[in-house]
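One letter stands for each residue in the lines below.
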Amino acid sequence: MAKKRMNGEGSIYFHDSRQLWCAQYTYKGKRKTVYGKTQKIVKDKLKAKLELVESNIDIEAQEQTLGEWLDYWLETYSKHSVKPATYVAYETAIRRHVKPGIGNIRLNKLNASVIQEFFNNEYKCGRLDGRGEGMSVKSLKNFYNMLHYSLEKLVETDVLQKNPITGVKLPKLEEKEARVLSVTEQQALITSAREYQHTSGFAVILNLFTGMRIGEILALQWSDVDEERRSIHISKTVSRLKYDDKDTPTVSKVIVGKPKSKNSNREVPLLGNLFEELMKYKELQIEAKKKAGIEFKETDTIICNRNFGMLDKRGFTKIFQRICQNADIAHANIHSMRHTFATRSLESGMDILVLSRILGHAQPSTTLNKYGHCLPDHKRESIDKLQSLFNECIN
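Residues numbered from 1 in each chain as written. Predicted model: local features only at pLDDT ≥ 70, side-chain atom pairs only at ≥ 80, totals over all residues. Heavy atoms only, no water.

**Student:** What is the right way to look at helix 6 (residues 183-195) in this model?
**Tutor:** Along an α-helix, residues three or four positions apart point the same way, because every turn accommodates 3.6 residues. With 13 residues, helix 6 should reach 18 Å at 1.5 Å per residue; the first-to-last C-alpha distance of 19 Å fits that figure. Listed as buried for helix 6 are Q186, L189, I190, S192 and A193. The buried residues of helix 6 occupy an angular sector of 165 degrees when projected down its axis, which confines them to one face. Away from its buried face by more than 90 degrees, helix 6 exposes T184, R194 and E195. (Helix = DSSP H or I, 4+ residues; strand = E, 2+ residues; numbered from the N terminus. Expected span 1.5 Å × (residues − 1). Buried < 20%, exposed > 50% of the residue type's maximum accessible area, 1.4 Å probe, protein only. Arc of directions from axis to C-beta.)

**Student:** Sorry if this is basic, but what is going on with the pattern of salt bridges here?
**Tutor:** This structure, assessed with the given rule, holds 16 salt bridges. One salt bridge in this structure joins K79 and E75, with 3.4 Å as the shortest N-O distance. Residue classification places K79 among the partly exposed positions, given a relative accessible area of 37%. Across the pair E185 and R179 runs a salt bridge whose closest N-O atoms are separated by 3.0 Å. For E185, a relative accessible area of 21% gives the class partly exposed. Each of R213, E216 and R266 takes part in a single network of salt bridges with overlapping partners. (Salt bridge = Lys/Arg side-chain N within 4 Å of Asp/Glu carboxyl O.)

**Student:** How should I be thinking about the nonpolar core in this particular structure?
**Tutor:** General note: in soluble globular proteins, nonpolar side chains tend to be found buried as a group. Of all hydrophobic cores here, the largest spans 49 residues; its most connected members are L189 and L278. Put simply, the parts of the chain that give this core at least two residues each are helix 6, helix 7 (202-208), helix 8 (214-219), strand 6 (231-234), helix 9 (272-291), helix 10 (313-326), helix 11 (335-347) and helix 12 (352-359). For this core, the element with the most residues is helix 7, which contributes six residues. Excluding anything up to four places from it in sequence, L278 contacts F202, W222, V225, I232, L270 and I302. With 33 residues, the next largest nonpolar core counts L70, A93, F143 and L241 among its residues. (Core = buried A, V, L, I, M, F, W, Y, C linked by side-chain atoms within 4.5 Å. Contact = heavy atoms within 4.5 Å.)

**Student:** What exactly am I supposed to notice about the sheet that holds strand 6 here?
**Tutor:** If you walk across this open sheet you meet the three strands as 5-6-9, and the pairing is antiparallel. Each of the sheet's edge strands pairs with one partner strand only, and the pair in question is strand 5 (225-226) and strand 9 (266-269). Here strand 6 pairs with strand 9 via four bridges, running antiparallel. The residue of strand 9 that forms the bridge with H233 is E267. (Pairing = 2+ DSSP bridges.)

**Student:** What am I meant to see in the environment of V82 here?
**Tutor:** Among the structural elements, V82 can be located in the loop between helix 2 (66-78) and helix 3 (84-102). What makes V82 partly exposed here is its relative accessible area of 26%. The contacts of V82, once residues within four sequence positions are left out, are Y87 and Y90.

**Student:** Quick question: what am I supposed to make of the pairing of strand 3 (residues 20-27) here?
**Tutor:** Remember that side chains alternate between the two faces of the sheet whenever the strand is regular. Bridge count for strand 2 (residues 12-15) against strand 3 is four bridges, and the pairing is antiparallel. Counted as the bridge partner of I12 is A23 from strand 3. Once strand 2 ends, the chain turns through four residues before running back antiparallel as strand 3, passing Q19 with a positive phi of about 55 degrees. With seven bridges connecting them, strand 3 and strand 4 (residues 30-36) associate as antiparallel partners. Of the residues in strand 4, the one forming a bridge with T26 is R31. Two successive antiparallel strands, strand 3 and strand 4, enclose a turn made up of two residues, where K28 displays a positive phi of approximately 55 degrees.

**Student:** Hey, could you run me through the packing of aromatic side chains in this one?
**Tutor:** By convention here, two paired aromatic rings are described through the distance between centres and the angle between planes. Using the criterion set out here, one finds nine aromatic pairs in the structure. On the numbers, 6.2 Å between centres and 45 degrees between planes, the contact of W69 with Y77 is tilted. Their ring planes at 40 degrees and their centres at 6.0 Å tell us that W222 and Y281 sit as a pair that is tilted. Of this pair, W222 sits in the loop between helix 8 and strand 5 while Y281 is found in helix 9, placing the two residues 59 residues apart along the sequence. Just as W222 is buried, Y281 falls in that class too. (Phe/Tyr/Trp six-rings, centres within 6.5 Å; stacked < 30°, edge-to-face > 60°.)

**Student:** It is not clear to me how the packing of helix 4 (residues 112-125) against helix 5 (residues 137-156) should be interpreted in this structure. Could you clarify?
**Tutor:** Each packed pair of helices is defined by two parameters, the angle between the axes and the distance between the axes. Where helix 4 contacts helix 5, the axes come no closer than 10 Å and their chain directions differ by 155 degrees. Overall, the two elements helix 4 and helix 5 adopt an arrangement that is roughly antiparallel. You can see that helix 4 and helix 5 cross each other, and the crossing is right-handed. Only V137, L140, F143, Y144, L147 and L151 of helix 5 make contact with helix 4, whose side of the interface consists of I115, F118, F119, E122 and Y123. Of the residues contributing to the contact of helix 4 with helix 5, the split by class is 10 nonpolar, no polar and one charged. (Axes fitted to C-alpha atoms, helices over the stretch in contact; angles between N-to-C directions. Parallel < 35°, antiparallel > 145°, perpendicular 65-115°, else oblique. Left-handed = near helix turned anticlockwise from the far one by under 90°. Nonpolar A, V, L, I, M, F, W, Y, C, P; charged D, E, K, R; others polar.)

**Student:** I keep staring at the side chain of S345 and nothing clicks. Help me out?
**Tutor:** Mapped onto the elements of the fold, S345 is located in helix 11. Exposure remark for S345: the relative accessible area of 7% places this residue in the buried category. Here S345 is in contact with M350 and L355, once residues within four sequence places are set aside.

**Student:** Any chance you could explain the side chain of D312 here in plain terms?
**Tutor:** As for its placement among the helices and strands, D312 is situated in the loop between helix 9 and helix 10. A relative accessible area of 9% places D312 in the buried class. Excluding anything up to four places from it in sequence, D312 contacts L218, V238, R240 and V254.

**Student:** What is the right way to look at the packing of helix 2 against helix 3 in this model?
**Tutor:** The geometry of helix 2 relative to helix 3 is characterised by a closest axis approach of 10 Å and an angle of 170 degrees between their N-to-C directions. With respect to helix 3, the element helix 2 is oriented roughly antiparallel. Contacts between helix 2 and helix 3 pair L66, G67, L70, D71, W73, L74, E75 and S78 from the former with Y87, Y90, E91, I94, V98, K99 and I102 from the latter. Across the contact of helix 2 with helix 3, the residue classes tally to nine nonpolar, two polar and four charged.

By themselves, these observations are geometric and do not establish any function.
Below you can see the structure in the form of structure tokens.
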């Protein structure tokens, strides 16, 4: 093999058999080679590699594909640090979307343009349910967050110098206006819930006057009720894990896990009348179990199905829809009860910080962004409360 060295370049030479310019450098005691069609391309590649070596970047790890890295990241870093539902969502997104799209790209070739093109394509035609439509902006945001977390770990472990997802833009997420029940609708819903053929309808009343998430209500046990303080302690939530594998039919199972965030672990005070109704509901459940020959336990689920088993969101949604239908209420979903509680609370003058804590939001700003539209109507009332202070100051 003949080597034609360029003047002044030293390690850059022409490889006859490959018909390419090349250069060598040392990495971890081994000789590595870069190739290019021109001397300038090789020079730039060599400079980039030497800079990586100087910065202690793991060049060999950069040779793995994005798909290989995501598989490793999922099992090594993600599996034991996120909730089971989040892990399943990550695994499904990686297997069904990211790997088929850009999973074969090596990490040292991954950049914002490649990732941007992936998101653009998913937004245009990423749905896999046969509809031929694109992914929702919310789903794209979830994909983005997952990729950001996984790629940031490469920066932390000196595989990449910067996160290649930086600079990628997603379509703007347009927040849908929450469906809030009118006072008349709320009264009709309560009446319908009381008349419902099964005591599980009590969950509607409990939701309308506590603002708890449905998963939190369905996970409640009688031991979570503080009868002295007349409050409920929230520390868990019910969710359904959906396992989606190409080789097996879609299966799912109901699990009880930690609530949405740290602030979701909270104490929710109950109205006096609501607490009394909850205690009557408890007596009804005790009596029903006694007739069925089942021992009542404080660890029993408060809201249960006809067989005294745990309800999940899917089962309760059907109950809620029947109750709404009986009340002649349209276009409401199970989230409408929480939105209605928050709206009524602000209309009654509840402080936004107090409401945020009752709802279990991670930040008060979340509450303000969701329900701040309820506040302008109370500006005059709030200002008028300062009238007496003003009068004292000027007299």
